[in-house]
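Report on the structure
Residues per chain, in single letters:
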Amino acid sequence: MRLSHHPLLLELCHPFRLATGVRTHTNVTLTRIELGPFSGDGEAAMPPYYGETHASSALFLDQATRILENTGDEFLRLDSANRSRWIADLMRKVDDIAPGNNAAKASVDIALHNLWSSVEGKPLHILLGIDPRKMPPTSFTLGMDTPEILRQKLTEATGFEIIKIKLGSDDDRAIIRTVREYSDLPIYADANQGWRDRGQALELVHWLAEQGVKLIEQPFHKDDLVSSAWLTERSPLPVFADESFQRLADLDWVAYSFHGVNVKLMKCTGISEALRIVEAARKKGLKLMTGCMTETSCGILAAAAIAPLFDYADLDGCWLVNNNPYPVPLLENGKVILR
Ligand code: MG
């Protein structure tokens, strides 16, 4: 197998305002694994807060290249049923190269899965035995903005049937009221660690529930699990961990503080580990959401292939950028179509 990679600066359609700051670009590294006439594309999407860069991903992927060398014949000799396990085993070796580098690892995992799809000539969700009829609708994310820009963004959300709003400012009620002037779609609210006071947060969550908000993401600082547990115990809406939850090993300590976890391929090193998270989280009675970074369609479609295993989906990253090099997925009833 031959792994190649190149950097891309993904431009956001609108500057993205969160409780943590404003962003106009995201660093992405695109990967490709080739094996004879077959190939699979992957992607590492690297928002600044997780610390990965074009340079760090290039360094990591050059090391991963050596692990992939001379593995092609073995992969081709396997039965279809054993290829998923083989990829998961190979990803354990890739994971051992260095700690962190989660998005770079995900780019290898996604490319391996797409290579598998290329070898078999079948869509990934079929190979993984996933039922596309169970696809949850995906939300379309709005950053914090002025009423005029929010209104414009809502007109761009064609085809989506759920809105995700970034909260965590002093104007949370005003933002929701503005959205409600233009849209009565259900809302997912993401506080992005922006709330400070438990009592005020609980009051706000009750108000949000009355406004048609369906779930809350990451209310408090990622390390403040005590406040999250306090709110989770009292909240009329399900509370999800995002920044507090990265990988499988984190499940044990977030399971008691949230109703559910937001699983992103770029946080958890890809599809192989995401599938293990789904299994373990279900055993703990946790709700599951799958999310994304600002990504190309490559990362979004990889997450979409396993999204039918989740209760909620927020896979809109490729609709928020100007220079996605791949075709945008099609939507039906607000759901990504798998094919
Ligand atoms: Mg989030």
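Quick summary incoming for the structure in this document.

Rules and cut-offs
Residues numbered from 1 in each chain as written. Predicted model: local features only at pLDDT ≥ 70, side-chain atom pairs only at ≥ 80, totals over all residues. Heavy atoms only, no water. Helix = DSSP H or I, 4+ residues; strand = E, 2+ residues; numbered from the N terminus. Rg over C-alpha atoms; globule rule 2.2 N^0.38 Å. Buried < 20%, exposed > 50% of the residue type's maximum accessible area, 1.4 Å probe, protein only. Donors = N, O, S within 2.8 Å, 3.2 Å for Na, K, Ca; no water. Phe/Tyr/Trp six-rings, centres within 6.5 Å; stacked < 30°, edge-to-face > 60°. Pairing = 2+ DSSP bridges.

1. As for the overall build of the chain
Within the chain, the regular secondary structure consists of 13 helices and 13 strands. At 20 Å, the chain has a C-alpha radius of gyration in line with the 20 Å of a compact globule built from 339 residues. With the principal axes as the frame, the chain shows a C-alpha extent of 60 × 40 × 40 Å. For the chain, with 339 residues in total, the buried portion stands at 57%.

2. Quick look at the coordination of the magnesium ion
Taken together, the protein donors to the magnesium ion comprise Asp190 (OD), Glu217 (OE) and Asp242 (OD), at separations of 2.1 to 2.2 Å. Sequence positions of the donors to the magnesium ion reduce to the motif D-x26-E-x24-D. With Glu217 in strand E7 (residues 213–217) and Asp242 in the loop between strand E8 (239–241) and helix H10 (251–254), the pair connects residues that are 25 residues apart, well separated along the chain. We note that Glu217, like Asp242, is buried.

3. Some points on the packing of aromatic side chains
Summed over the entire model, instances satisfying the criterion amount to six aromatic pairs. Where Phe75 meets Trp86, the ring centres are 5.0 Å apart and the plane angle is 50°; that geometry is what we call tilted. Here Phe75, found in helix H2 (residues 72–77), pairs with Trp86, found in helix H3 (residues 80–95); they are eleven residues apart in sequence, far enough to count as distant. Since its relative accessible area comes to 1%, Phe75 is described here as buried. Assessed through its relative accessible area of 11%, Trp86 is described here as buried. Ring centres 5.7 Å apart and planes at 90° place the aromatic pair Tyr188 and Tyr312 in the edge-to-face group. Taken together, the positions of Tyr188 in strand E6 (residues 187–190) and Tyr312 in strand E11 (residues 312–313) put the pair 124 residues apart, joining distant regions of the chain. Overall, Tyr188 belongs to the buried group, its relative accessible area being 5%.

4. Side note on the pairing of strand E3 (residues 38–46)
Counting buried positions along E3 gives seven out of nine residues, so the element sits mostly inside the fold. The pairing of strand E2 (residues 21–35) with E3 spans nine bridges and is antiparallel. When the bridges of E3 are listed, Glu34 appears paired with Ser39. Following E2, the chain reverses through two residues before pairing antiparallel with E3; Gly36 in that reversal takes a positive phi of roughly 55°.

5. A few points about the sheet that holds strand E9 (residues 260–263)
Here we have eight strands laid out as an open sheet, ordered E4-E5-E6-E7-E8-E9-E10-E11, and parallel in their pairing. This sheet does not close on itself; its edge strands, each paired only once, are strand E4 (139–142) and E11. As paired strands, E6 and E7 are joined by four bridges and run parallel to one another. Bridging across to E7, Tyr188 finds its partner in Leu215.

6. Quick notes on unusual backbone geometry
Residues other than glycine seldom take positive phi values, yet Gln218 does so here, at roughly 40°. Note on placement: Gln218 falls in the loop between E7 and helix H9 (225–234). Unlike most non-glycine residues, Asn333 shows phi in positive territory, near 50°. You can see Asn333 is positioned in the loop between strand E12 (331–332) and strand E13 (335–336). Asn333 gets classed as exposed once you look at its relative accessible area, which sits at 54%.

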